[in-house]
Amino acid sequence: MRRGHFVMADTGWPGCAKSLKGVILDMCGVLYDSGEGDGVAIPGSIEAVRKLKESDLQLRFCTNETQATRERFVAKLQRLGFDISASEVFPPAPAAIAVLKERSLRPHLLVHDGLLPEFDGVDKTNPNCVIIGDAAEHFSYQNLNEAFRVLIGLEKPVLFSLGQGKYYKETDGLKLDVGVYMKALEYACDLKAEVIGKPSPTFFQSVLSDMGLQSHEVCQHRTHSKTCCSLNSSDNNVVFMSEWALFRKCHNGELTRSDLVAFYHDLSLSTRLGLVTISYSDYK
Amino acid sequence: MAGRRALKAVLIDLSGTLHVEDTAVPGAQEALSRLRQASVALKFVTNTTKESKRNLLERLQRLNFDLQEKEIFTSLSAARSLLEQKQHRPLLLVEDSALEDFSGIDTSEPNAVVIGLAPDHFNYQTLNTAFRMILHGAPLIAIHKARYYKRKDGLALGPGPFVTGLEFATDCKATVVGKPEKTFFMQALCDLGCSPSEAVMIGDDARDDVGGAQNAGMLGILVRTGKYREGDENKISPPPHLTCDSFPDAVEHILQNLL
């Protein structure tokens, strides 16, 4: 299907869709749901990604996944059936490594064991900064204390947080995310962390640069994590559709209000970046 | 000192001011005796939450400090008052050694979360439990929000960072009962029968001891022992009434200038 089809007035699609050249897709909650083992692909998403790739739109994926290296994460998605390669995927750790190199920093790591291999080539001796990721069980008092001591001992303490989420949903309930521990260390050391990953503008900018596109040429489709993890809605009530499936339904006149639940996005950030956003209200 | 009445009471911090773990600050015992000879009431106020009043008393007496249990006022005491007042049933994230100060409080089917200094409880699993309770409406009570404290092996995270993290996760504000809350100081002075303008606080934490006391209307003296770090006196406004090396110097200043 061609982009030209979506500019039809009766679909209600924003006119700015004419200038779209790329799409950035969020992953967890959009392409798949995490859970037992690899998790499960959200119905329609595999096909949607394939169709996006067949089109002339540039496609990238961004995620705040920090419990596994990019390589293993992409392998999981491939196992689920997605046609996706590492160079198209933007998790925080590789971005963090680039920052370390740029600023000649050596990190003390408080991250999930599964992420450690990503930092294999990085000099970790005599650390002059701290990086925290979604370390889950590793967020023990002792480990946090170690990270704290590194920071408090530095003349110019630098703390990088891979994402800043409050919590996420797992099969056995809600769990605290990296943002909580970022706030804890910020408070303890009286400093401000630098967030690498969503929703940092620099992070999105690096994705745009890789696509060689300007923000007004890109459509961002992501979930607003606060909403999709809210206590009052279980994932059974939320259906995440890819943009492509949505375009198709609009075009075919199949889209009804009861189909749509999924377009959450960070309005203020998107507006700041000048990204085209798809608002739920557009489809009332 | 225009506008201030004569000094009637001295509030003294414990950990970091009179002692660090099991070592007394040099000269502190004698300084305390000298202070007792002046006609001022004394109260020992502390955010220490690992130990019950009885434990604190025993440790201080072992270090040859002359004081009585009724002169000790802790943030645990303040927390207990709040729980009784509101009839909460708490999930107590406090060290086992502090539990005796909560004896008699019903902890079955907890509907409130109380966080003290409890390294053993600040693991991922327990914090998740507390988080879920708060998300479901349980009030979060912080015995205090100290950023860190001094241990034998260096600085260590206090409960403050964990309380802050939970506040962020749940979009809730904790009720803090310990220093530097104004009510803590007012409660401490309450049974001494004097007002804040007749009292001075001595402590090693610029924000929690001195800042908090001055905010309540008292004078504050900052000592350079315990968790004090170079430049701490510049972190509060107004600055401490006095910054001096240690407790004995603070006592000298009081005896010579404030009585």
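Residues numbered from 1 in each chain as written. Chains lettered and ligands numbered in written order. Predicted model: local features only at pLDDT ≥ 70, side-chain atom pairs only at ≥ 80, totals over all residues. Heavy atoms only, no water.

### Re the domain arrangement of chain B
Much of the literature gives interface size as the accessible area that the parts lose upon coming together.
Residues and elements named next belong to chain B.
Alright, step 1. The domain architecture assigned to chain B consists of domain 1 (9–47 + 180–258) and domain 2 (89–176).
Alright, step 2. Once you take the C-alpha centre of each, domain 1 and domain 2 turn out to be 26 Å apart.
Alright, step 3. The partner domain 2 presents eleven residues to the ten residues of domain 1 that form the contact.
Alright, step 4. Between domain 1 and domain 2 the total buried area reaches about 950 Å² when both faces are included, carbon and sulfur atoms providing 51% of it.
Alright, step 5. When the area that domain 1 buries against domain 2 is broken down by residue, the three leading residues are Glu21, Asn47 and Lys227, summing to 47%.
Alright, step 6. Between domain 1 and domain 2 we count one salt bridge in total.
Alright, step 7. For the salt bridge of Lys152 with Glu21, the shortest nitrogen-to-oxygen distance reads 3.9 Å.
Alright, step 8. At the boundary of domain 1 and domain 2, one finds one residue pair in polar contact (both at pLDDT 80 or more). (Domains from an automatic or database assignment. Contact = heavy atoms within 4.5 Å. Buried area = accessible area lost by both parts, 1.4 Å probe. Salt bridge = Lys/Arg side-chain N within 4 Å of Asp/Glu carboxyl O. Polar contact = N/O pair within 3.5 Å; in protein donor to acceptor, adjacent residues only side chain to side chain.)

### Regarding the interface of chain A and chain B
Alright, step 1. The partner chain B presents 31 residues to the 30 residues of chain A that form the contact.
Alright, step 2. Among the residues chain A hides against chain B, the three largest losses belong to Tyr141, Leu176 and Tyr187 of chain A. Together they make up 29% of the total.
Alright, step 3. Run the count over chain A and chain B and you get four salt bridges.
Alright, step 4. On the surface where chain A and chain B come into contact, there are twelve residue pairs in polar contact (both at pLDDT 80 or more).
Alright, step 5. Elements with a contribution of two residues or more to the side of chain A that touches chain B: α4 (141–152), β9 (167–170), β10 (173–176) and α5 (178–189) of chain A.
Alright, step 6. The dominant element in the side of chain A that touches chain B, judged by the number of residues it contributes, is α5 of chain A, at seven residues. (Helix = DSSP H or I, 4+ residues; strand = E, 2+ residues; numbered from the N terminus.)

### A look at the packing of helix α1 (residues 28–37) of chain B against helix α8 (residues 247–258) of chain B
Residues and elements named next belong to chain B.
Alright, step 1. Where α1 contacts α8, the two axes come as close as 8 Å, and the packing angle between them is 20°. Overall, the two elements α1 and α8 adopt an arrangement that is roughly parallel. Of the two elements, α1 crosses α8, and the hand of that crossing is left-handed. Contacts between α1 and α8 pair Ala28, Ala31, Leu32, Arg34 and Leu35 from the former with Phe247, Pro248, Val251, Glu252, Ile254 and Leu255 from the latter.
Alright, step 2. Residues belonging to the contact of α1 with α8 are distributed by class as follows: nine nonpolar, no polar and two charged. (Axes fitted to C-alpha atoms, helices over the stretch in contact; angles between N-to-C directions. Parallel < 35°, antiparallel > 145°, perpendicular 65-115°, else oblique. Left-handed = near helix turned anticlockwise from the far one by under 90°. Nonpolar A, V, L, I, M, F, W, Y, C, P; charged D, E, K, R; others polar.)

### Remarks on the sheet that holds strand β13 (residues 219–223) of chain B
All names here are of chain B.
Alright, step 1. Strand order across the open sheet formed by six strands is β5-β4-β1-β12-β13-β14, with parallel pairing between neighbours. Edge strands, defined here as strands with exactly one partner in the open sheet, are β5 (72–74) and β14 (242–244). Strand-to-strand, the axes of this sheet are offset by a mean angle of 25°, without reference to chain direction.
Alright, step 2. For strand β4 (residues 41–46) and β5, the ladder comprises three bridges, and the chain directions are parallel. Residue pairing in the sheet places Val45 in a bridge with Phe73 of β5.
Alright, step 3. Here α8 sits on the sheet in contact with β1 (9–13), β12 (199–203), β13 and β14, set at roughly 150° to β13. (Pairing = 2+ DSSP bridges.)

### So, the packing of aromatic side chains
Alright, step 1. For the structure on display, the rule yields twelve aromatic pairs over all chains.
Alright, step 2. Ring geometry for Phe203 of chain A and Phe204 of chain A: centres 6.2 Å apart, planes at 70°, overall edge-to-face. Here Phe203 of chain A and Phe204 of chain A have matching classes, each one buried.
Alright, step 3. Centre to centre, the rings of Phe184 of chain B and Phe185 of chain B are 5.6 Å apart; their planes meet at 90°, and the pair counts as edge-to-face. For the residue pair Phe184 of chain B and Phe185 of chain B, the accessibility class agrees, reading buried in each case.
Alright, step 4. Every member of this aromatic cluster is reached through a ring pair, and the members are Phe139 and Tyr181 of chain A together with Tyr124 of chain B. (Phe/Tyr/Trp six-rings, centres within 6.5 Å; stacked < 30°, edge-to-face > 60°. Buried < 20%, exposed > 50% of the residue type's maximum accessible area, 1.4 Å probe, protein only.)

### A word on the pairing of strand β8 (residues 159–162) of chain A
Residue and element names in this part refer to chain A.
Alright, step 1. Of the two faces of β8, the one lined by Leu159 and Ser161 and the one lined by Phe160 and Leu162 are each fully buried.
Alright, step 2. In this structure, strand β7 (residues 129–132) lies alongside β8, joined through three bridges in parallel fashion. Residue pairing across strands places Ile132 opposite Ser161, the latter belonging to β8.
Alright, step 3. Handedness of the β-α-β unit built from β7, α4 and β8 comes out right-handed.
Alright, step 4. Pairing analysis gives three bridges linking β8 to strand β11 (residues 194–196), with the strands arranged parallel. Bridge pairing in β11 places Phe160 opposite Glu194. (Right-handed = clockwise from strand over helix to strand, strands pointing away.)

### Points about the confidence of the model for chain B
Segments scoring low in pLDDT should not have their predicted coordinates read at a detailed level.
Alright, step 1. With 98% of its residues at a pLDDT of 70 or more, chain B shows a mean pLDDT of 93.
Alright, step 2. Predicted complex, confidence summary: ipTM 0.74, pTM 0.74. (pLDDT = per-residue confidence, 0-100.)

### Let's talk about the pairing of strand β1 (residues 22–26) of chain A
All names here are of chain A.
Alright, step 1. Summarising burial for β1: five of the five residues are buried, a large majority.
Alright, step 2. Side chains Gly22, Ile24 and Asp26 project from β1 onto one buried face, and the interleaved Val23 and Leu25 project onto a second face that is buried too.
Alright, step 3. As defined by bridge partners, β1 adjoins strand β4 (residues 58–62) across five bridges and the pair is classed as parallel. Considered in β4, the bridge of Asp26 is made with Cys62.

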